[in-house]
Amino acid sequence: MGRAFVYVILGGGVAAGYAALEFTKRGISRGELCIISEESVPPYERPALSKGFLLPEAPARLPSFHTCVGANEERLTAKWYKEHGVELVLGTRVKSVDVRRKTLLTGSGETISYKILIIATGARALKLEEFGVKGSDSENVCYLRDLADANRLVNLMESSSGGNAIVIGGGYIGMECAASLVISRMNVTMVFPEEHCMARLFTPKIATFYEEFYKSKGVKFVKGTILSSFDIDSDGKVTAVNLRDGSSLPADMVVVGIGIRPNTSLFEGQLTLEKGGIKVNGNMQSSNSSVYAVGDVATFPVKVFGESRRLEHVDSARKSARHAVTAIMERHQVDEFDYLPFFYSRVFTLSWQFYGDNVGDVVHFGDFSGGTFGAYWVKKGQLVGSFLEGGTKEEYEAIAKATKLKPEVEDLAELERQGLRFAVTV
Ligand code: FAD
Ligand code: NDP
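Residues numbered from 1 in each chain as written. Chains lettered and ligands numbered in written order. Predicted model: local features only at pLDDT ≥ 70, side-chain atom pairs only at ≥ 80, totals over all residues. Heavy atoms only, no water.

Draft legend 1. Molecular detail of the site of ligand 1. Near ligand 1, the surroundings consist of 33 residues, among which E39, R46, K51, R145 and D296 are the closest. Contacts to ligand 1 include E312, whose backbone N or O atom sits 3.3 Å from an oxygen atom. Protein burial of ligand 1: of its 990 Å² of free accessible surface, 94% is covered by the chains. Classifying every residue of the shell around ligand 1 gives 14 nonpolar, 11 polar and eight charged. (Near = heavy atom within 4 Å. Polar contact = N/O pair within 3.5 Å; in protein donor to acceptor, adjacent residues only side chain to side chain. Areas by Shrake-Rupley, 256 points an atom, 1.4 Å probe, with all protein chains shown as cover. Nonpolar A, V, L, I, M, F, W, Y, C, P; charged D, E, K, R; others polar.)

Draft legend 2. Molecular detail of the site of ligand 2. Among the 20 residues in the neighbourhood of ligand 2, the closest are listed as I173, E194, R200, E312 and Y344. Note that an oxygen atom of ligand 2 is positioned 2.3 Å from one of the side-chain N or O atoms of E194. One nitrogen or oxygen atom from the side chain of H313 is found 3.1 Å from an oxygen atom belonging to ligand 2. Here ligand 2 loses 83% of its free accessible area of 920 Å² to cover by the protein chains. Listing elements by their share of the shell around ligand 2, those giving two or more residues are α4 (172–183) and β23 (342–347). (Helix = DSSP H or I, 4+ residues; strand = E, 2+ residues; numbered from the N terminus.)

Draft legend 3. Up close: the pairing of strand β26 (residues 373–379). Where burial is concerned, most of β26 is hidden: six out of the seven residues are buried. The sheet contact formed by strand β25 (residues 361–366) and β26 spans six bridges and is antiparallel. Bridged to D361 within β26 is V378. With seven bridges connecting them, β26 and strand β27 (residues 382–389) associate as antiparallel partners. Counterpart to V378 in the pairing with β27 is L383. In textbook terms, the turn of a hairpin is the stretch between consecutive antiparallel strands, and for β26 and β27 this stretch comprises two residues, one of which, K380, has a positive phi near 45°. (Buried < 20%, exposed > 50% of the residue type's maximum accessible area, 1.4 Å probe, protein only. Pairing = 2+ DSSP bridges.)

Draft legend 4. Focus on the side chain of S138. Within the fold, S138 resides in the loop between β8 (123–125) and β9 (141–142). Here S138 falls in the buried class, since its relative accessible area comes to 4%. The residues touching S138, leaving out its near neighbours within four places in the chain, are R152, I232, G236 and V238. (Contact = heavy atoms within 4.5 Å.)

Draft legend 5. Quick look at the packing of aromatic side chains. Summed over all chains, the structure comprises 28 aromatic pairs. Note on Y7 and F23: the rings are 4.7 Å apart at their centroids and 35° apart in plane angle, and the pair reads as tilted. Separated by 16 residues along the polypeptide, Y7 in strand β1 (residues 7–10) and F23 in helix α1 (residues 14–26) bring together distant segments of the chain. When the ring of Y376 is compared with that of F422, the centres are 5.8 Å apart and the planes differ by 70°; the resulting orientation is edge-to-face. One end of the pair, Y376, is in strand β26; the other, F422, is in helix α9 (residues 420–425), and 46 residues separate them in sequence. Residues Y376 and F422 agree in their burial class; the two are buried. Just above the ring of F53 sits the side chain of R61; from NZ or CZ to the centre is 3.8 Å. (Phe/Tyr/Trp six-rings, centres within 6.5 Å; stacked < 30°, edge-to-face > 60°. Lys NZ or Arg CZ within 6 Å of the ring centre and 35° of its normal.)

Draft legend 6. The arrangement of the packing of α1 against helix α6 (residues 314–329) in detail. α6 packs onto α1 with a crossing angle of 35° between their chain directions and a minimal axis gap of 8 Å. The handedness of the crossing between α1 and α6 comes out as right-handed. In contact with V14, A15, Y18, A19, L21, E22, F23, K25 and R26 of α1, α6 contributes V314, A317, R318, A321, R322, V325, T326 and M329. Among the residues making up the contact of α1 with α6, the classes are represented as 11 nonpolar, one polar and five charged. (Axes fitted to C-alpha atoms, helices over the stretch in contact; angles between N-to-C directions. Left-handed = near helix turned anticlockwise from the far one by under 90°.)

Draft legend 7. Representation of the sheet that holds strand β3 (residues 87–89). The sheet built from five strands is open, its strands ordered β3-β2-β1-β7-β20 with parallel pairing. The open sheet terminates on both sides in strands that have one partner only, identified here as β3 and β20 (291–293). The mean inter-strand angle of the sheet, taken between neighbouring strand axes irrespective of direction, is 20°. Both β1 and strand β7 (residues 116–119) contribute to a ladder of four bridges, which runs parallel.

Draft legend 8. Representation of the pairing of strand β21 (residues 298–302). Counted residue by residue, β21 has four buried out of five residues, so it is predominantly covered. Sheet topology note: the strand β19 (residues 277–279)/β21 ladder contains two bridges and is parallel. Bridging across to β21, K279 finds its partner in T299. When β21 meets strand β22 (residues 307–310), the two strands line up antiparallel, connected through four bridges. Considered in β22, the bridge of P301 is made with S308. Where β21 folds back onto β22 in an antiparallel hairpin, the turn is made up of four residues, including G306, whose phi is positive at roughly 70°.

Draft legend 9. Focus on the sheet that holds β21. Strand order in the open sheet made by the four strands is β18-β19-β21-β22, with mixed pairing throughout. The sheet terminates laterally at β18 (273–274) and β22, the two strands that pair on one side only.

Draft legend 10. Representation of helix α7 (residues 393–405). Over its 13 residues, α7 extends 19 Å from the first C-alpha to the last, a length consistent with the 18 Å expected when each residue adds 1.5 Å. Among the residues making up α7, those that are buried are Y396, A398, I399, A400, A402 and T403. Looking at the buried positions of α7, the neighbouring elements they touch are β24 (350–356), β27 and α9. Two residues or fewer after α7 comes K406, characterised by a positive phi angle close to 50°. (Expected span 1.5 Å × (residues − 1).)

Geometry only, nothing functional implied.
Below, the structure is given as structure tokens:
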């Protein structure tokens, strides 16, 4: 016999924390809700791991960044869960789920049953082995997804202080870790296959600004090639990174950020999957009416795009979790989730925000020499995406609002001339 709950959240990351807060705000009884997480700590704001956590001075440490501080809400420590009668089953991996029987089986052999299940299993970092390169288990190679990874990265930074750090991948992890490493006085080289960093979001013009800024801080770029192998010494440490273009870079530590895969495997063959995630409707409900999915693992209808997408960002995790709980507690007497995609990053003294979709024609505006600048994306005569670096709170709010409204744009040259004023006056 195992335990039984009305609501079970599978996964204890960002979405789980925000869902728990929403459940308690809406009024659940003690012992009705359980969170099962492989991690050994209650849900926390994962974005801190590649930012404040890596600072050389006064680094962020738990409990300061438990959810839901990222949205200026209550801080949900272990004590909070206890006080609110929410059962935390930590350090526990769920091995299998039977959605027909409404049960989960944990690694320790316990069966936990639910009436409603919220899947919040997030994603895992892609490993180099999946691209045919061996060496991920070397003691000075690290990934960054959870607290254990972040602790490992900090220890490596300390033990290789002043040495050569190679960052593999030019996406979010690569960019944020490279900044933190160089702030910690490492010699940093970024290696990635594309012609410019953040290739899935940035235009070449935007990317050039950030790359030049990073270079001014000492970061080197090796672009258009990928890692082919590591040189590993008899102690199991990587000493050099060999690239497909034939060159080799000496390494004291390696950080890998080459993308993620959503954790859907427990549900393959049981729930409908789409675009790599668990397909849900506008109330985050899956193909099984007792099962919801939120955060990185959910593929949900994004109304502004008129299609379903899976998003890998914290704002989407927070809001999709809250929406699912609202829909559950209000018995679906709610409007469907109407989400405007929002991505952001902060590195060095820089800070950017992006709203919407980066498709169609691009119009750049502003001061690309280090002031406030940005870009609009226009598709079929409508504004569909906006990017802004160095804006004020009001300016970010303005581009968000303008993007949500999807105003008509007749003249791209005029849009360029108006720049930020266009969004502010929409
Ligand atoms: P997660 O937060 O990944 O949580 C998933 C949880 O499920 C984990 O606790 C995991 O252990 C658990 N789990 C999975 N499988 C099982 C199982 N079988 N049994 C038990 N438990 C399980 N986004 C931004 O928008 N801005 C940022 O600045 C930003 N920075 C980031 C920095 C880093 C280092 C990382 C890794 C991500 C960052 N993101 C950022 C992305 C953001 O953190 C994710 O989109 C968000 O965490 C997704 O929330 P989630 O709850 O869906 O998944
Ligand atoms: P990204 O998808 O952002 O970037 C992965 C990068 O690695 C891309 O440049 C990709 O190129 C490149 N790449 C892929 N395969 C290889 C390879 N074999 N060798 C070298 N480079 C390769 O993923 P990250 O790992 O950077 O981030 C992981 C997750 O964390 C994402 O969900 C992200 O949203 C999240 N995150 C978000 C942050 C934020 O929003 N500020 C901050 C930190 C993390 P290609 O495009 O060609 O595949």
